[in-house]
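Commentary on secondary and tertiary structure
These are the residues of each chain, in order.
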Amino acid sequence: MQKRKEWMLNSLGILFVLIFLFPVYWMIITAFKSQSEIFQSTPTFWPKDFQFTSFIDIFKDNVGQYFLNSFMIAGLATILVLVLAVPSAYGLARFKVKGKNPMILLFLVTQMLPATVILTPLFIVFNNLSLLNTYWGPVLTCATLGVPFSVLILRTFFLGIPKELEEAASIDGCGRFRTFIRVIVPISYPSIVVCAAISFFFSWGDLIFSMTFNRNQDLWPLTAGIYNAIGRYGIEWNDLMAFATVSVLPVIVIFVILQKQLVKGLVSGSIK
Amino acid sequence: MKKGRWGEYLFIYPAVIFMLLLIGYPLIYNIILSFQDVDLNSLATGEKHFVWFDNYKALANQDGFGISVWNTIVYTLGSVVFQVVIGFLLALFFSMKFKLASFLRGVVMISWLIPLTITALLYKFMMGSGEGIFNQMLMGIGFIDDPIQWLSNPDIALWSVIIANIWVGIPFNMLLLSTGLSNLPEDVYESASLDGANWFQKLFKITIPLLHPVLLVVLMLGFIYTFKVFDLVFVMTGGGPINSTEVLSTIAYRLSFNEFQFSLGAAAANILFIILLVVSVIYLFMINKDEEA
């Protein structure tokens, strides 16, 4: 009896996930279909003749460059987030400094602000600083998404590390900075990786910053490229879905590798 | 000793200064901007004046502004209510201990991680009136006779975008509520079972009251994240047809970067900001109270 219930729950769970993630399946499978197959009145749930022409089409159409740009923007923003957020989170967890609570509040509040509010002023500022049409606009602004999130997650993590670790290191003659680099960073590695991954996702998904600060198409990430392609490709859904599949691929790969840690990190970062 | 202090500030301050420069400063600049008359012309000449509340008055008379406020509210409430209810039911389901539960719960997160631009495009495709799979399936099973104009009928379009948003938000709500459920004390359920309570009684008399604080946090967070929606609406409908899906963030963007009326756009963004600020303050007050209790 117990076994039967277990079997039923598992099947029910799988059925739900299959239905829920059907859109993702549909995206990938459409990318391999021919144009005429998409417009048949009865949908096919597996391509009748599997073809790769859509992928060849989009790579002729600059997708390689967009992909590289997405990587550059998300990669640089992630590095910036880590350089800023890891020491800051550690300091806010360990040191008794003035204005600690207002600073933590600052990170909490900035996480909730809409991008639209900073868009117009930053456009004017970046224009004056000649930062429009460079990688810097999206890199700097995307990092503002990852910094508060990472500071808050990592601070909670650092609070949980026993102080004796650092005390032992300082007896061995390590300065504060060396203790941080040699002792703290290595043991925090899993949490830091989660923050890096999430900051990468935030920046990878950005459309509005790149679109606003960069009119130069050679600097566009995949999201801006795909938005622009919607108009140009019209109803060539197989090409658009191939474009979408390529854009989602890195996210899914990172997710599969880090699934367990990510789920845990997301929970602790959003509640605390 | 004094040197040590400096070291401490060097750890903390770079991130704080970064956020103040890239968020704090623009925020204040945006408020000033909304009281001036900056457009593409004055941006080039540098000549600008304070017009105080003229932008806000102009905004009130702007075509589509009123409806964008209303749409933002409907969009947010519609999305959040369904996300939380569905997310809660799924959290309850996955909290039953079976082998694949935590694996499956994790896999669902994929929908939350996909860039919103891609999700928007995908739903636009599935909601196509002829070739879209939604209509093909619904007509295939005889549920409807004529295709639904998901995105081109002004009466339906907003709800179509809400459907996409619910799909994006379900996993996150489920995850937070699952965590809340796993922290509930088990002995209460055991004694309730001994007293002969059934599943519904346990749900409404124990689970929901105990989960109350977590539910509130999830509702508020959902509100805050949904209220500032941009990408989904922008890519799926661009605010159309005839303003039927226009929300505050898309109208602010359009005013600033399609019509280059920067001050008017700033004013619209400010209204979005003020509403969010109020909700955020309530939220922060709530979680603070929880921690004290």
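Residues numbered from 1 in each chain as written. Chains lettered and ligands numbered in written order. Predicted model: local features only at pLDDT ≥ 70, side-chain atom pairs only at ≥ 80, totals over all residues. Heavy atoms only, no water.

1. Topic: the overall build of chain B
The helix and strand inventory of chain B stands at 14 helices and zero strands. If you list the helices and strands of chain B from N to C, you get α-α-α-α-α-α-α-α-α-α-α-α-α-α. Taking contacts inside chain B between residues at least 6 apart in sequence as the whole, the part at least 24 apart equals 69%. For chain B, the computed accessible surface area is about 13700 Å², with 67% contributed by carbon and sulfur atoms. Side chains of chain B give 14 positive and 20 negative charges; the mean places of these two sets differ by 12 Å. (Helix = DSSP H or I, 4+ residues; strand = E, 2+ residues; numbered from the N terminus. Contact = heavy atoms within 4.5 Å. Areas by Shrake-Rupley, 256 points an atom, 1.4 Å probe, with all protein chains shown as cover. Lys, Arg positive; Asp, Glu negative; His and termini not counted. Charge placed at Lys NZ, Arg CZ, Asp CG, Glu CD.)

2. A word on the layout of surface pockets
When its volume is computed, the largest pocket comes out at roughly 1200 Å³. Forming the walls of the largest pocket are 33 residues, and the residues nearest its centre are Phe94, Ser95, Met96, Lys97 and Leu181 of chain B. Elements with a contribution of two residues or more to the lining of the largest pocket: helix H14 (237-271) of chain A together with helix H4 (65-95), helix H5 (101-107), helix H9 (157-182), helix H10 (186-194) and helix H11 (199-227) of chain B. (1 Å grid on protein atoms, 1.4 Å probe; cavity = no way out; pocket = protein on both sides within 12 Å on 5 of 7 lines; lining within 4 Å. Points joined across faces, edges and corners; volume = space filled by probe spheres on them.)

3. A word on unusual backbone geometry
The phi torsion of most residues other than glycine is negative, and most of the peptide bonds are trans. Cis geometry marks the peptide bond from Gly240 of chain B to Pro241 of chain B, where omega comes out at -10 degrees. Along the chain, the position of Pro241 of chain B falls in the loop between helix H12 (231-236) and helix H13 (248-257). Not every positive phi belongs to a glycine, and Asn133 of chain A is a case in point at roughly 60 degrees. Summarising the element assignment, Asn133 of chain A is placed in the loop between helix H7 (115-128) and helix H8 (136-159). Among the residues examined, Asn133 of chain A registers a relative accessible area of 36% and is labelled partly exposed. (Buried < 20%, exposed > 50% of the residue type's maximum accessible area, 1.4 Å probe, protein only.)

4. So, the interface of chain B and chain A
Many authors give the size of an interface as the accessible area that is lost as the parts come together. Each side of the interface is counted separately: chain B has 84 residues, and chain A has 91 residues. Where chain B abuts chain A, roughly 8200 Å² becomes buried across the two surfaces, and 82% of that area is made up of carbon and sulfur atoms. Between Arg176 of chain A and Glu8 of chain B there is a salt bridge whose closest N-O contact spans 3.4 Å. The tally of links between chain B and chain A comes to twelve residue pairs in polar contact (both at pLDDT 80 or more). Among the elements that line the side of chain B that touches chain A, the one with the most residues is helix H1 (residues 2-34) of chain B, at 21 residues. Class assignment of the residues belonging to the side of chain B that touches chain A gives a composition of 66 nonpolar, ten polar and eight charged. (Buried area = accessible area lost by both parts, 1.4 Å probe. Salt bridge = Lys/Arg side-chain N within 4 Å of Asp/Glu carboxyl O. Polar contact = N/O pair within 3.5 Å; in protein donor to acceptor, adjacent residues only side chain to side chain. Nonpolar A, V, L, I, M, F, W, Y, C, P; charged D, E, K, R; others polar.)

5. Quick notes on empty space enclosed by the protein
All chains considered together, the criterion is met by four cavities of 30 Å³ or more. Considering only enclosed or pocket space, the largest cavity measures out at about 1300 Å³ in volume. Lining the largest cavity are 49 residues, with Phe202 of chain A together with Trp112, Leu116, Tyr225 and Lys228 of chain B sitting closest to its centre. A per-element tally of the lining of the largest cavity places H9 of chain B first, with six residues. Taken together, the residues of the lining of the largest cavity break down into 32 nonpolar, 13 polar and four charged. In terms of lining residues, the second largest cavity is bounded by Trp26, Thr30, Lys33, Glu37, Ile38, Gln40, Thr42, Pro43 and Thr44 of chain A together with Phe125, Glu131 and Gln136 of chain B. Breaking the lining of the second largest cavity down by element, the ones donating at least two residues are helix H2 (22-31) and helix H3 (35-38) of chain A. Among the residues forming the lining of the second largest cavity, the class breakdown is four nonpolar, five polar and three charged.

6. Points about the packing of helix H13 (residues 222-233) of chain A against helix H7 (residues 116-126) of chain B
With their axes 10 Å apart at the nearest point, H13 of chain A and H7 of chain B run at an angle of 25 degrees to one another. Judged by the inter-axis angle, H13 of chain A sits roughly parallel to H7 of chain B. Viewed along their axes, H13 of chain A and H7 of chain B form a crossing whose handedness is left-handed. Along the contact surface, H13 of chain A presents Thr223, Ile226 and Ile230 of chain A, while H7 of chain B presents Thr117, Ile118, Leu121 and Lys124 of chain B. Counted by class, the contact of H13 of chain A with H7 of chain B contains four nonpolar, two polar and one charged residues. (Axes fitted to C-alpha atoms, helices over the stretch in contact; angles between N-to-C directions. Parallel < 35°, antiparallel > 145°, perpendicular 65-115°, else oblique. Left-handed = near helix turned anticlockwise from the far one by under 90°.)

7. Considerations on the side chain of Asn69 of chain A
All names here are of chain A. Mapping Asn69 onto the fold places it in helix H5 (residues 63-94). With a relative accessible area of 0%, Asn69 lands in the buried category. There is a polar contact of 2.6 Å between the side chain of Asn69 and the side chain of Tyr135. Residues contacting Asn69, with those up to four places away along its chain left out, are Tyr135, Asp218, Leu219, Trp220 and Pro221.

8. Quick notes on the environment of Leu113 of chain A
Among the secondary structure elements, Leu113 of chain A is positioned in the loop between helix H6 (100-110) and H7. Under the relative-accessibility criterion, Leu113 of chain A is labelled buried at 14%. Along the sequence, Leu113 of chain A and Leu145 of chain A sit 32 residues apart, while their C-alpha atoms lie 9.7 Å from each other. Excluding anything up to four places from it in sequence, Leu113 of chain A contacts Ile23, Leu27, Lys228 and Phe273 of chain B.

9. Some remarks on the nonpolar core
Judged by nonpolar contacts, the single largest core of 192 residues is most densely connected at Phe107, Phe126, Val147, Phe158 and Phe243 of chain A together with Met236 and Tyr283 of chain B. In this structure Met236 of chain B touches Ala120, Tyr123, Lys124, Met127, Leu151, Ser160, Val161 and Ala164 of chain B, once residues within four positions along its chain are discounted. (Core = buried A, V, L, I, M, F, W, Y, C linked by side-chain atoms within 4.5 Å.)

10. Focus on helix H3 (residues 54-61) of chain B
Residues and elements named next belong to chain B. Taken together, the buried positions of H3 are occupied by Asn55, Tyr56 and Leu59. End-on, the buried residues of H3 take up no more than an arc of 100 degrees, which puts them together on one face. Of the exposed residues in H3, the ones pointing more than 90 degrees away from its buried face are Lys57, Ala60 and Asn61. (Arc of directions from axis to C-beta.)

11. Topic: the environment of Thr250 of chain B
All names here are of chain B. You can see Thr250 is positioned in helix H13. Judged by its relative accessible area of 4%, Thr250 falls in the buried class. Separated by 19 residues in sequence, Thr250 and Asp231 have C-alpha atoms that sit 8.7 Å apart. In contact with Thr250, not counting residues within four places along its chain, are Phe230, Val233 and Phe234.

12. A look at the environment of Gly180 of chain B
All names here are of chain B. Among the structural elements, Gly180 can be located in helix H9. Residue classification places Gly180 among the buried residues on the basis of a relative accessible area of 7%. Beyond its immediate sequence surroundings of up to four residues, Gly180 is in contact with Leu211 and Val214.

13. Considerations on the packing of H9 of chain B against H11 of chain B
Residue and element names in this part refer to chain B. Two elements in contact, H9 and H11, have axes whose closest approach is 10 Å; the angle formed by their N-to-C orientations is 145 degrees. Crossing angle aside, the handedness with which H9 passes H11 is right-handed. Across from Asn165, Asn173, Leu176, Leu177, Gly180 and Leu181 in H9, the residues of H11 making contact are Thr207, Leu211, Val214, Leu215, Val218, Leu221 and Thr226. When grouped by side-chain class, the residues that make up the contact of H9 with H11 number eight nonpolar, five polar and no charged.

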